[in-house]
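# Analysis of the macromolecular model
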Amino acid sequence: MFRVSVLQTTDVIPSKEKSRCGRVGGVSRSEKMVKQESESANRPDNTAFTQQRLPAWQPILSAGIVIPGFVLIGLAFIGIGVALLVTSRSIQVLELDYTGDGNGSPCSSCSQSTTVNCKCSLNFTLDTLFQGPVFFYYGLSNYFQNYRRYGASKDDNQLYGDLSYFTSPSSSCSPYDYDGSKNPIVPCGSIANSMFNDTFTLTRTVSGKTDSVPLDGKGIAWWTDYNVKYRNPSVTPLKNAFNGTVKPIDWAKPAYELDTSDASNNGFVNQDFLVWMRRAALPNFRKLYRRIDASGDYQNGLPAGNYTIDITYNYPVRVFNGAKKVVFSNVSWMGGKNEFLGIAYLVIGSLCVVMSVVMLIVYAKFKFPDEE
Amino acid sequence: RTFNLSFRYANNAIKTSKYNIFTFLPLNLFEQFKRLANAYFLFLLILELIPQISSLSWITTGFALIVVLSITGVKDAIDDINRHKCDRQVNNRKVDVLMDGQLKNEKWMNVQVGDIVKLGNNEFVTVTSERNSPLNLVYVDTAELDGETNLKVKQALTVTGELGDNIEALAAFNGEVRCEPPNNRLDKFKGTLTVNGERYALDNDKVLLRGCTLRNTEWCFGLVIFGGPDSKLIQNSGKSMFKRTSIDHLTNILVLCIFGFLASMCSILTIGNAIWERNEGSVFTMFLPREPGIDAPLASFLIFWSYVIVLNALIPSSLYVSVEFIRLGNSFFIDWDRKMYYPKNDTPAQARTTTLNEELGQIKYIFSDKTGTLTQNIMTFNKCSINGKAYGDLYDFSGQRRTERVDFSWNNLADPKYNFHDHSLVEMVRSGNPETQEFFRLLSLCHTVMPEEKKEGELSYQAQSPDEGALVTAARNFGFVFRSRTPETITVVEMGRQVIYELLAILDFNNMRKRMSVIVRSPEGKLTLYCKGADTVIFERLHPSCNKLMEVTTDHLNVSDGLRTLVLAYKDLNENYMIDWKQRHHEASVAMEGREEKLDELYEEIEKDMMLLGATAVEDKLQDGVPQTIEQLAKADIKIWVLTGDKQETAENIGYSCNMLREEMKDVFNQMMIVFCQSEAVTAYEFFPHPQGARPPLWEPLHYGVLTDDLTPIPSSLHHQAFALEKNLRLELLRTACMCQTVICCRVTPLQKAQVVQLVKKYKQAVTLAIGDGANDVSMIKAAHIGVGISGQEGMQAVLSSDYSFAQFRYLQRLLLVHGRWSYIRMCKFLGYFFYKNFTFTLVQFWYAFFCGFSAQTVYDEWFITFYNMVYTALPVLGMCLFDQDVNDRWSLQHPELYAPGQKNQYFNKKAFVSYLIHGCYCSLIIFFIPWASMNDAVRNDGKDIVSHPSFAFLLQTCLLAVVHTQLCVDTYYWTAVNHFFVLLSTIGYFAISVTMYSNGMFYVFTSSFPLIGAARNTLNQPIVWLTIFLTFLLCILPVVAIRFIFIQLRPTINDKVRYKMRTEELPGPAPRHLLRRRSTRSGYAFSHSQGYGDLVTSRKFLMKRSTKRAPLFTQTDSSIFQNQPQHYRTIAEEAEESQSHKL
């Protein structure tokens, strides 16, 4: 804004004069300090921050750090890679496709018919013990659980057991929110509707005698899903909560009959349902079906022998060129079999070592910053 | 008054604010949505509200938009509140208004057109008004208006002047003013005053403009003609041009490119979707039926828009806000810099524009004013030659003063701030040497300075040019104190004895005469003519008996070290002759025709056969550190052009004294200087209408400025000068000028200054900076990319229109080489990193599209998308871009060559942008495909699933943040505690927020908003996840490190070298202080003003005769002459030392 400049200068100068005379005459220090302060009201603060002199660490990419760093990282990677690879090699995996594409395959008849609960069976032989604990997965390929509209097609509030959403499911479930006669579908949405409905039993044939392998379906879903995210309405019997609703169109039986034998595995907290509802991120995925119950003969896993999987074949995948499989696998500290990580660590570790050699050569040749 | 009110003239309240409380929200929002980026986000928001398209909840964009809008809104609000405050302060100033026959103290805003106001000394003039005063004469200073601080005289009409301060008469005064409508021309006014049926003309000399300050005037009454918004000051304060940096332009272009890129990516994905829908989707419908009414093509079309939403982060929403933040921060650092603070007048540097910082790091051309910018515009008398004997500053060989300053305490009227170091001169004066006494008597008599004695013994002088002030002050200290003047007399205290001289005539100064004389009668009745002027002019008019003395004096003048010199002479006059001359003089001065010529003849007649007294040398003091600064800037490959209104000799002298011109330049081709006096340059070019053909004769002598040779003197009218820059010759001019190492343009008008700047700006595509202090520099300051004003002196105009201001020219090197460079580097780093991080972020989504049926499924969860730019990555990058410095300030100044990459815009250009794009592409590939490969069919170590969508998303997010944060760490050169803190905070914050968002509590409270419960818990406890993250981020970072390292080895940049040097060596000691060796053989005469006040001083009555002063083209920012104290001289190196000691 406006400034009375001339006046200011004339005002300031006498005071400067005084301070000059003061020095001669020995004016006390405090007086001078006050004067200085008032004179330099606009003087910026002398702090490390305002003067941009904050103490700082200033790393630079010098040969002494970079080259040894690469060597170290390389060696560490190679070490990790070897460990991963060894671990991964020790894991046994058995995959059996039962889509029934070819004519020779056991389930081809089922895959072509539309019979409900079509039965077929797969046989396989183990020569050695399949080290336990053994996990029994089913796998689907080319199945887009990660499709946006598919993934959005569910109602979390309903699945949390909120009864008000039973009668009016979220519109995100459309077109599986109401059936043809405007009855609300519970559980609504595409994900629930398309729940995997093949079932498997595993039997072992030992010296002509068939022995059913005990399968454990408890605790196959995430703890958080089972205990927090999904909940049955607190209505007993559970069936009453579903009054006025209908089951999903493609389901054989309503949600409250998923496991009538065990109330803690029924309705929305049915483990198979939970596993299905945790939708896969990629179009090829496997989901946990059962654990081999480590008891009796199966204490240490699946002993050698001939096995048969009896399949109730319902789920249609051939229409969208999908595939179905069953997988037996055991795990290590790093999870399931994973060759990729081990190999990747090995490759990158070696590359790091090579890089460090290259950099050493370059450094030796050019020797920045020694050359002027 | 009521009569005037009925016309609804604008009252005196001014309003510069934009909003009030009620209009703020709608208007501000409207303003903000006019910006493309904001409009784009609004569009996105609308898209997200359409359920068929929405691939993201509206919160993601809404959050960003609200944050951006509110930050900008708060800033605007604060600005506007400040404007309101300013308005209120101005509107509430008090002024005396004549109402109902008496004076009332009124607020400014209540002053109405037609009111009569009373103004006092040193008060701001409220309004454009017409007035009367004692003597009908008002001195004003228009510093606020046009920056000119020399006093201007305004006169009242006699008819109103006769009213005096008689309140009754004034109250009864009845007249009618008719005038032109409000306009913004400061030098024109047309109107008539009708009193009692008689019409009087009102012109510019009769009005006071708002913004003027009364000086030396006890009171004045005025009639308000225009108020508030109609006044010329407000009419003039038009919107200043909005400047944008070249990086801004580049960014805008790049954003457009990104738009194209985005569109093409979306198109690819749409096509992909169409194919997928045909091959897979159509058979997948048993699990996922199409929505009714949407067939495959329409679905694909909708997918396009869905992907626009998903990939929107490609256009960085927070880019503009963050850029503003960084610039603001860097502006604050400029404001806070103590090394750009000038303690003497308590002026810190000031970044008045906060949007141009990075351009300070790209300056290629500097256009500098001379007066007040390179020089202090303080003249000191420091040498003289009296009767063949030289006095003055004595230096020994080391350049140190040998003697103490002279003690003037014997003279109680002496100006205490005056310094002189030669004791012999004082002794001569005090011993009563007649020549010496006559010498100082002349100095105390022959001038047009106005004295002001507020208190007994406290004299101050109002000089029209600082040279004169210096000379009179010198005389005052040597015992010849000019005390007061009336039109007929001059009172001088000679060695303590008061003597009153009768002033018979002033033979005034003008550019042609180059001298001025006074004729006085001493109390003894002796008639004497005293004359001072340019050496050449005076020497021609000396009495032959002085020849010997003349030679000696000439010798002295030739070693005058580029000072401004004047030769003094006197002549005793015969009483009879004087009476005769006086008579003829009177006749001539009232002659109607050829008055000027007749007067000149008379002056010529009397100013001859004079006796030489001696010569004075006045130093036009350079500001401290100017030569060093210029040297530094030259090392940084910045070209400095000096544009000055001064004469060629003066300009050349300055060129030599500030190291721009050196003797050796004469001999080396291509190092020549070009000095072109504008008016003469026109002539030169007109002599050679075909420059191509005539180049040899034209350019060869150019070596040493043939253009400056006085060819036919052409009246330096504005039209002629503008002409030179408008013709096609200007390209030729530019070409030549750019070949020169140093360019000095003299005799340029303010308009031409701007034209020169624009010429360079337009044809060289270089970033220009103009620095100046006066109103005459305003046009150039506005024209250049960056305008710098020298503040702390009088006259605010340059500062007000500048982008940066500080008190001393030497701070320019710090502003450019340190702050400019840092700002540029920081901004480039910021933009590069910002684009990189958003590319990486977005392209991952692009790759994921190939695995999710092109369904516009986001790979990250919505909250992450919302927070990515605004929360997770905002702070570290701000920290880096506020504090980063590749080398510290001392090294920046030590190695000016570090500045060069900025000039060539090496750090952020299209090429760099593409490299960031490629880098982002690479990282996104790694970030997507490494987890993809390692997670394919992976299970947890308890056999449960892990590849669910939320956990995969969480894995990718963590990888992404690890990569971009590590990349930032690699880019950061300067790790302050704040940087550490920000990086840590962001990393920890990410995990904390994630864990919170995936927690049971959040799910219980907001079931549908946080459906991803458990993702963090079930993922982070898996070693495989950590191994994947580790692999991914090292795979992204290691190549960067390796490539950088190899590049440093193969092709180290100057930065690398200096950084390494900084690490290994201590800062070299302060550079040897070089002695300023001024060129010795140049001497020049200069009065910096064009015509004196002679008329004014001698006119007896109401000065009815108007002085033929023309509107000065060049400001004389004559600072107060009290400031003649020696400057404490500090070299840059000393300052560096000081800062070092602070650090230790």
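Because the structure is predicted, anything quoted here is derived from the model rather than measured.

### A look at the overall build of chain B
Helix and strand counts for chain B come out as 41 helices and 32 strands. The buried share among the 1144 residues of chain B stands at 60%. Here the contacts in chain B between residues at least 6 apart in sequence split such that 75% fall between residues at least 24 apart.

### Quick look at the overall build of chain A
A count of helices and strands for chain A gives 12 helices and 12 strands. Of all 372 residues assigned to chain A, the portion counted as buried reaches 49%. Contacts in chain A between residues far apart in sequence, at least 24 positions, make up 78% of those at least 6 positions apart. Of the roughly 17,200 Å² that chain A leaves accessible, carbon and sulfur atoms contribute 56%.

### Comments concerning a nonpolar patch on the surface
A surface patch of nonpolar side chains, about 260 Å² in accessible area, is lined by Ile343, Val347 and Leu351 of chain A. Its location among the elements puts valine 347 of chain A in helix α12 (residues 339-366).

### Looking at the sheet that holds strand β15 (residues 375-386) of chain B
Residues and elements named next belong to chain B. Pairing is antiparallel across the open sheet formed by nine strands, whose spatial order is β16-β15-β25-β24-β23-β22-β21-β20-β19. Two strands lie at the open edges of the sheet, namely β16 (389-392) and β19 (480-485), each paired on one side alone. The average undirected angle you get between the axes of adjacent strands in this sheet is 30°. Of the pairings in the sheet, the one linking β15 to β16 comprises four bridges and is antiparallel in character. By the bridge assignment, isoleucine 386 is partnered in β16 with lysine 389. Contacts from helix α12 (residues 423-430) reach β15, β16 and β19, with the element oriented near 120° to β16.

### Here's the deal with the pairing of strand β23 (residues 527-533) of chain B
Residues and elements named next belong to chain B. A large share of β23 lies buried, amounting to seven of its seven residues. Judged by which residues are buried, β23 turns out to be covered on both faces: Leu527, Leu529, Cys531 and Gly533 on one side and Thr528, Tyr530 and Lys532 on the other are all buried. With seven bridges joining them, strand β22 (residues 515-521) and β23 adopt antiparallel strand pairing. The residue of β23 that forms the bridge with arginine 521 is leucine 527. The hairpin turn running from β22 into β23, its antiparallel successor, is five residues long, and glycine 525 in that turn takes a positive phi close to 95°. For β23 and strand β24 (residues 564-573), the ladder comprises seven bridges, and the chain directions are antiparallel. By the bridge assignment, threonine 528 is partnered in β24 with aspartate 572.

### Focus: the side chain of serine 948 of chain B
Here serine 948 of chain B lies in the loop between α33 (910-935) and α34 (949-971). Those residues in contact with serine 948 of chain B that sit more than four places away from it in its chain are Trp222, Arg278, Arg279, Ala280 and Ala281 of chain A.

### Things to note about the UniProt feature "domain: P-type ATPase C-terminal" (unreviewed entry) in chain B
Mapped onto the present numbering, the UniProt feature "domain: P-type ATPase C-terminal" (unreviewed entry) falls on residues 799-1053 of chain B. Taken as a whole, residues 799-1053 of chain B contains 71% helix and 2% strand, while its terminal C-alpha atoms sit 37 Å from one another.

### What about the interface of chain A and chain B?
In this complex, chain A contributes 110 residues to the contact, which on the side of chain B involves 123 residues. Here chain A and chain B share an interface that buries about 10,800 Å² over both sides, 63% of which is from carbon and sulfur atoms. There are one salt bridge connecting chain A and chain B. Of the charged contacts, one joins aspartate 937 of chain B and arginine 286 of chain A as a salt bridge, the two residues approaching to 4.0 Å between their closest N and O atoms. Seen at the junction of chain A and chain B, the total is 27 residue pairs in polar contact (both at pLDDT 80 or more). The element that contributes the greatest number of residues to the side of chain A that touches chain B is α12 of chain A, accounting for 12 residues.

### Focus on the nonpolar core
If you look at the biggest cluster of nonpolar residues, it comprises 202 residues, and the most contacted ones within it are Trp276, Leu302, Ile309 and Phe328 of chain A. When neighbours within four sequence positions are excluded, tryptophan 276 of chain A is seen to be in contact with Tyr138, Leu140, Tyr143, Gln145, Tyr150, Ile191, Ser194, Met195, Phe196, Phe285, Lys287 and Tyr315 of chain A. Among the nonpolar cores identified, the runner-up in size contains 48 residues, and Tyr391, Leu443, Leu445 and Tyr461 of chain B belong to it.

### Comments concerning the sheet that holds strand β7 (residues 175-179) of chain B
All names here are of chain B. If you trace the three strands from one edge of the open sheet to the other, you get β7-β8-β9, paired in antiparallel fashion. Since the sheet does not close on itself, it has two edges, and those belong to β7 and β9 (198-203), each with one partner. Pairs of neighbouring strands in the sheet enclose a mean axial angle of 20°, with direction left out of account. When strand β8 (residues 190-195) meets β9, the two strands line up antiparallel, connected through six bridges. Note that in β9 the partner of valine 195 across the bridge is glutamate 198.

### Notes on the confidence of the model for chain A
Mean pLDDT over chain A works out to 82, with 88% of the residues at or above the 70 mark. When pLDDT is averaged over each element of chain A, helix α3 (residues 63-90) of chain A comes out on top at 93 and helix α1 (residues 5-25) of chain A at the bottom at 34.

### Examining unusual backbone geometry
Phi is mostly negative for residues that are not glycine, and the peptide bonds are mostly trans. Residue proline 175 of chain A is reached from serine 174 of chain A by a cis peptide bond, and omega for that bond is 5°. Considering the arrangement of structural elements, one finds proline 175 of chain A in the loop between α7 (164-167) and α8 (190-193). Despite not being glycine, aspartate 609 of chain B has its phi angle at roughly 55°, a positive value. Inspection of the secondary structure puts aspartate 609 of chain B in the loop between α18 (595-606) and β25 (611-622). Using a relative accessible area of 39% as the deciding quantity, one classes aspartate 609 of chain B as partly exposed. For asparagine 905 of chain B, which is not glycine, the phi torsion reads 55° and is therefore positive.

### A look at the pattern of salt bridges
In a structure, side chains of opposite charge can pair up when their charged atoms sit close to one another. All names here are of chain B. Taken as a whole and assessed by the stated rule, the structure comprises 34 salt bridges over all chains. Among the ionic pairs, arginine 521 bridges to glutamate 575, the shortest N-O distance being 3.0 Å. Of this pair, arginine 521 sits in strand β22 while glutamate 575 sits in helix α17 (residues 575-590); the two residues are 54 residues apart in sequence, bridging distant segments of the chain. The exposure class assigned to glutamate 575 is partly exposed, which follows from its relative accessible area of 33%. Bridged by salt links that share partners, the residues Arg515, Glu540, Arg541, Glu604 and Glu607 form one connected network.

### Description of the state of the cysteines
Residue and element names in this part refer to chain A. Counted according to the given criterion, the structure contains three disulfides over all chains. With its sulfur 1.7 Å from that of its partner, cysteine 110 forms a disulfide with cysteine 118. Classification of the bridge connecting cysteine 110 and cysteine 118 rests on its S-S torsion, roughly -85°, and on that basis the disulfide is left-handed. Note on cysteine 110: relative accessible area 2%, which makes it buried. Relative accessible area serves as the criterion here: at 12%, cysteine 118 is assigned to the buried category. A sulfur-sulfur separation of 1.9 Å characterises the disulfide bridge that pairs cysteine 173 with cysteine 188. Remark: cysteine 188 occurs in the loop between α7 and α8 and cysteine 173 occurs in the loop between α7 and α8; sequence separation between them is 15 residues. You can call cysteine 188 buried: its relative accessible area is 2%.

### Section: the packing of helix α9 (residues 246-284) of chain B against α33 of chain B
Helix packing for two helices is described by the angle between their axes and how far apart those axes are. Residues and elements named next belong to chain B. Between α9 and α33, the shortest axis-to-axis distance is 11 Å and the interhelical angle comes to 40°. Considering the angle they form, α9 stands oblique to α33. In this structure, the crossing between α9 and α33 has a hand that is right-handed. Only Lys910, Phe913 and Leu917 of α33 make contact with α9, whose side of the interface consists of Leu250, Ile253, Leu254, Ile258 and Phe261. A class-by-class count of the residues in the contact of α9 with α33 yields seven nonpolar, no polar and one charged.

### With respect to a negative patch on the surface
A cluster of like negative charges, contributed by Glu596, Glu597, Asp600 and Glu601 of chain B, occupies part of the molecular surface. We classify aspartate 600 of chain B as partly exposed; its relative accessible area is 34%.

### Some remarks on the side chain of aspartate 155 of chain A
Residues and elements named next belong to chain A. Looking at the element boundaries, aspartate 155 is found in the loop between α5 (148-152) and α6 (156-159). Despite its burial, aspartate 155 remains without a salt bridge, the nearest opposite charge being carried by lysine 154 at 9.4 Å. A distance of 3.0 Å separates a polar atom in the side chain of aspartate 155 from the backbone nitrogen of asparagine 157. Side-chain polar atoms of aspartate 155 contact the backbone nitrogen of serine 170, separated by 2.8 Å. When neighbours within four sequence positions are excluded, aspartate 155 is seen to be in contact with Tyr165, Pro169, Ser170, Cys173 and Cys188.

### Overview of the UniProt feature "binding site: Mg(2+)" (unreviewed entry) in chain B
All names here are of chain B. Within this structure's numbering, the places UniProt gives as "binding site: Mg(2+)" (unreviewed entry) are Asp369, Thr371, Asp773 and Asp777. Spanning 409 residues, the annotated positions come together in the fold, the maximum distance between their C-alpha atoms being 10.4 Å. Among the secondary structure elements, aspartate 369 is positioned in the loop between β14 (363-368) and β15. Residue class for aspartate 369 comes out buried when judged on its relative accessible area of 2%. Leaving out residues up to four positions away in the same chain, aspartate 369 has contacts with Leu374, Leu643, Lys753, Ile771, Gly772, Asp773, Asp777 and Met780. In this fold, threonine 371 is placed in the loop between β14 and β15. According to the relative accessible area criterion, threonine 371 is buried, its value standing at 18%.

Rules used throughout
- Residues numbered from 1 in each chain as written.
- Chains lettered and ligands numbered in written order.
- Predicted model: local features only at pLDDT ≥ 70, side-chain atom pairs only at ≥ 80, totals over all residues.
- Heavy atoms only, no water.
- Helix = DSSP H or I, 4+ residues; strand = E, 2+ residues; numbered from the N terminus.
- Buried < 20%, exposed > 50% of the residue type's maximum accessible area, 1.4 Å probe, protein only.
- Contact = heavy atoms within 4.5 Å.
- Areas by Shrake-Rupley, 256 points an atom, 1.4 Å probe, with all protein chains shown as cover.
- Patch = residues over 30% accessible without salt bridge, like charges linked within 9 Å, V, L, I, M, F, W, Y side chains within 5 Å.
- Salt bridge = Lys/Arg side-chain N within 4 Å of Asp/Glu carboxyl O.
- Pairing = 2+ DSSP bridges.
- Axes fitted to C-alpha atoms, helices over the stretch in contact; angles between N-to-C directions.
- UniProt positions renumbered as here; feature names shortened; annotations may be inferred.
- Buried area = accessible area lost by both parts, 1.4 Å probe.
- Polar contact = N/O pair within 3.5 Å; in protein donor to acceptor, adjacent residues only side chain to side chain.
- Core = buried A, V, L, I, M, F, W, Y, C linked by side-chain atoms within 4.5 Å.
- pLDDT = per-residue confidence, 0-100.
- Disulfide = S-S within 2.5 Å.
- Parallel < 35°, antiparallel > 145°, perpendicular 65-115°, else oblique.
- Left-handed = near helix turned anticlockwise from the far one by under 90°.
- Nonpolar A, V, L, I, M, F, W, Y, C, P; charged D, E, K, R; others polar.
- Lys, Arg positive; Asp, Glu negative; His and termini not counted.
- Charge placed at Lys NZ, Arg CZ, Asp CG, Glu CD.

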